[in-house]
Amino acid sequence: MNPNGINPDAMNPEIERQLKITVERAVRPLKTWDNRKYEIRRELLGHLTAIYQEELTRCGDEHAALSVARSRFGATEELTQELQRGVPRIPRWAAWLNEVFRIDVAISPRQNAWRWTMFWFCELFFLFGACDLVVILKGMNPWPMIVTLLTPLVMLTLIAYVVLEGTFGAILNGSEDRIYWRIIRCTCYKLGALGFIYKLLLSSQMIPLWERFGAREALLVVLSTVMLPVVFLIVMWAGRKEFSSQVEWARLDLSEE
Amino acid sequence: MKPIAGDLLRGHVETMVLSVLQRGEGHGLEILRRLEDAGCGLLRLKEGSLYPALYRLEAAGLIIARTEKDPAGKRGAPRRVYELTKKGHKALSQARNEWTEFVRVVGGIVGATA
């Protein structure tokens, strides 16, 4: 307790949010891996919180302490530039690709699920189309057995990714009231898109799945199908803290003063 | 005496960090306090700007960071504690020689009376 009766260790939630906004202003524009951004956020927030508590102990006024802590911390734009200068080339390119192709789990708050799905569909369409083109131009004939075995796995992996992305996209979209409908809608749109792409690949005879679909392949599909929800749950469980923390950071409105 | 801040410090922060880390490992706030103490209150470093320097040094392999599992009595995220590597010791020694040479040459010019 300081002389004004404020306990610096018991943080006011509004002040905590303001400190996070200051950190997020510096970190959100960074072009690097999401995990790295998460580490930087944690470290900067730890430092800013420590100087805020130091100032609060000194002056006893929460708002004055926040203002001095921000001033001691420095301008966030300059900090972003300095941090960006230290980001190696590969994470910078990866972040750029991520922005272009939106491989990220995030869905922008203004984007609706339909437009988001269409965007994702176009991405996949061009991606598969490009692979198709390379194989046709090179006159290659993929080994049918390998293709047959791998296809269900690839498809299931893609579906798992779709479900994950749809789930977190919906969470980040911040629409708690209809969140389950949104997840179902996103997933259905995307599964439809995947089905269409798969059909295209079959008709172009890139995947002669039904010619070689025997008991072994069927077993593989069943096992993969059983494994899918298990893997999905493990991923969700292992990353639950980071996912929820990232959602919290992503929801901060940086236009606030 | 006027405080030393901004552009005057630019380019020297990394060497100064290496130098204070030679005295022993430390986390961000501790490094900053050591810098301020060593600067006799005349160093005015924006505290956030320490971290880009730390990350650059880490990327260059001059320092390594480990996460302190249980920061004694502190709330919030675990802190990262930085430590000089062998390469960092070598780089510091080289930077000191360069600095001595710089002060000798530039000091001889700037400090000379007409």
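Positions within a chain are numbered from 1, following the residues in the order the chain's sequence is written. Going through the entries in the order they are written, you letter the chains from A and number the ligands from 1. Two thresholds apply to this predicted model, a pLDDT of at least 70 for residue-level local features and 80 or more for giving and counting side-chain atom pairs, whereas whole-chain, interface and lining totals are computed over all residues. Computation of side-chain values covers all heavy atoms of the structure but excludes hydrogens and water.

## Considerations on the overall build of chain B
Thought 1: Helix and strand counts for chain B stand at four helices and five strands.
Thought 2: Along the chain direction, N to C, the helices and strands of chain B fall in the order β-α-β-α-β-α-β-β-α.
Thought 3: Note on classification: 1.4 Å probe, protein chains only; a residue is buried when its accessible area is under 20% of the maximum for its type, exposed when over 50%, partly exposed between these limits. Residues counted as buried form 32% of the 114 residues belonging to chain B.
Thought 4: Whether two residues are in contact is decided by their heavy atoms: any pair within 4.5 Å suffices. For chain B, long-range pairs separated by at least 24 residues make up 52% of all intrachain contacts whose partners lie at least 6 apart in sequence.
Thought 5: The Shrake-Rupley method, run with a 1.4 Å probe sphere, supplies the accessible areas, and residue values consider only the shown protein chains as cover. In the form shown here, chain B has an accessible surface area of approximately 7100 Å², with 56% of it arising from carbon and sulfur atoms. What counts as a helix is a DSSP run of H or I of at least four residues, what counts as a strand is a run of E of at least two, and both are numbered from the N terminus.

## With respect to helix α2 (residues 34–59) of chain A
Thought 1: The terminal C-alpha atoms of α2 of chain A lie 37 Å apart, and with 26 residues this matches the ideal 38 Å at 1.5 Å per residue to within 8%.
Thought 2: Within two residues after α2 of chain A, Gly60 of chain A carries a phi angle of roughly 80 degrees, on the positive side. Expected span of a helix, by definition, is 1.5 Å for each gap between consecutive residues, and there is one gap fewer than residues.

## Observations concerning the interface of chain B and chain A
Thought 1: Every contact between the two is made by 19 residues of chain B and, on the other side, 22 residues of chain A.
Thought 2: Counting the surface lost from both chain B and chain A, the interface buries some 1800 Å², and carbon and sulfur atoms represent 51% of this.
Thought 3: Salt bridge criterion: a side-chain nitrogen from Lys or Arg within 4 Å of a carboxyl oxygen from Asp or Glu. Counting every contact that joins chain B to chain A gives four salt bridges.
Thought 4: Glu47 of chain B is the salt-bridge partner of Arg72 of chain A, the closest N and O atoms lying 2.6 Å from each other.
Thought 5: Whenever a nitrogen or oxygen atom comes within 3.5 Å of another N or O atom, the pair is scored as a polar contact, on the condition that within protein one atom can donate a hydrogen and the other can accept it, and that pairs from neighbouring residues in sequence are kept only if both atoms are in side chains. Counting every contact that joins chain B to chain A gives nine residue pairs in polar contact (both at pLDDT 80 or more).
Thought 6: For the side of chain B that touches chain A, the secondary-structure elements that each account for two or more residues are α2 (28–38), α3 (50–59) and β5 (80–84) of chain B.
Thought 7: When residues of the side of chain B that touches chain A are assigned to their parent elements, the largest contribution, five residues, is made by α3 of chain B. Take the accessible area each of two parts loses on contact, using a 1.4 Å probe, and add the two losses: that sum is the buried area.

## Overview of the pairing of β5 of chain B
Residue and element names in this part refer to chain B.
Thought 1: With respect to burial, β5 is a largely interior element, four of its five residues being buried.
Thought 2: Criterion used throughout: strands pair if DSSP finds at least two bridges between them. Both strand β2 (residues 26–27) and β5 contribute to a ladder of two bridges, which runs antiparallel. If you follow Gly26 over to β5, its bridge partner there is Tyr82.
Thought 3: Bridging between strand β4 (residues 63–67) and β5 involves five bridges; their strand directions are antiparallel. The residue of β5 that forms the bridge with Arg66 is Val81.

## Brief notes about the packing of helix α1 (residues 13–27) of chain A against helix α3 (residues 62–73) of chain A
Residues and elements named next belong to chain A.
Thought 1: Here, axes are lines fitted to C-alpha atoms. For helices the fit covers the stretch in contact, and angles between N-to-C directions go from 0 to 180 degrees. It is the contact of α1 with α3, at a shortest axis distance of 11 Å, that shows an interaxial angle of 15 degrees. Taken as axis vectors, α1 and α3 run roughly parallel relative to one another. Relative to α3, α1 is oriented so that their crossing is right-handed. Contact residues: α1 offers Ile15, Gln18, Leu19 and Thr22, while α3 offers Glu62, His63, Leu66, Arg70 and Phe73. Any angle between 65 and 115 degrees counts as roughly perpendicular, while under 35 counts as roughly parallel, over 145 as roughly antiparallel, and the rest as oblique. Handedness of a crossing is defined here by the sense of rotation of the near helix relative to the far one, left-handed for an anticlockwise turn of less than a right angle and right-handed for a clockwise turn.

## Some remarks on the packing of aromatic side chains
Thought 1: Any Phe, Tyr or Trp ring, taking Trp's six-membered ring, that has another such ring centre within 6.5 Å forms a pair; planes under 30 degrees apart are called stacked, those over 60 apart edge-to-face, and the others tilted. Going through the model one piece at a time under the given rule, you end up with two aromatic pairs over all chains.
Thought 2: For the pair Tyr51 of chain B and Tyr55 of chain B, a centre-to-centre distance of 6.3 Å together with 45 degrees between the ring planes defines the contact as tilted. Linking Tyr51 of chain B with Tyr55 of chain B, this pair stays in helix α3, spanning four residues, or about one helical turn.
Thought 3: Pairing Trp99 of chain B with Phe102 of chain B gives two aromatic rings, centres 5.6 Å apart and planes at 25 degrees, and the pair type is stacked. Note that Trp99 of chain B and Phe102 of chain B are positioned in helix α4 (residues 86–110) at a spacing of three residues, about one turn of the helix.
Thought 4: The partly exposed category is assigned to Trp99 of chain B, whose relative accessible area is 44%.
Thought 5: Think of it as a cone above the ring: NZ of Lys or CZ of Arg counts as a charge over the ring if it is within 6 Å of the ring centre and within 35 degrees of the ring normal. Directly above the aromatic system of Trp249 of chain A lies the positively charged group of Lys20 of chain A, at a separation of 5.5 Å from the ring centroid.
Thought 6: For the cation-ring pair, Arg36 of chain A lies above Tyr55 of chain B, with the distance from its terminal atom to the ring centre recorded as 4.5 Å.

## Observations regarding a nonpolar patch on the surface
Thought 1: For patch building, the residue pool is restricted to those with more than 30% relative accessible area and no salt bridge; the joining distance is 9 Å between like charges and 5 Å between nonpolar side chains (Val, Leu, Ile, Met, Phe, Trp, Tyr). On the surface, Trp99, Phe102, Val103, Val105, Val106, Ile109 and Val110 of chain B cluster together to form a nonpolar patch covering roughly 670 Å² of accessible area.
Thought 2: Here Val105 of chain B shows up in helix α4.

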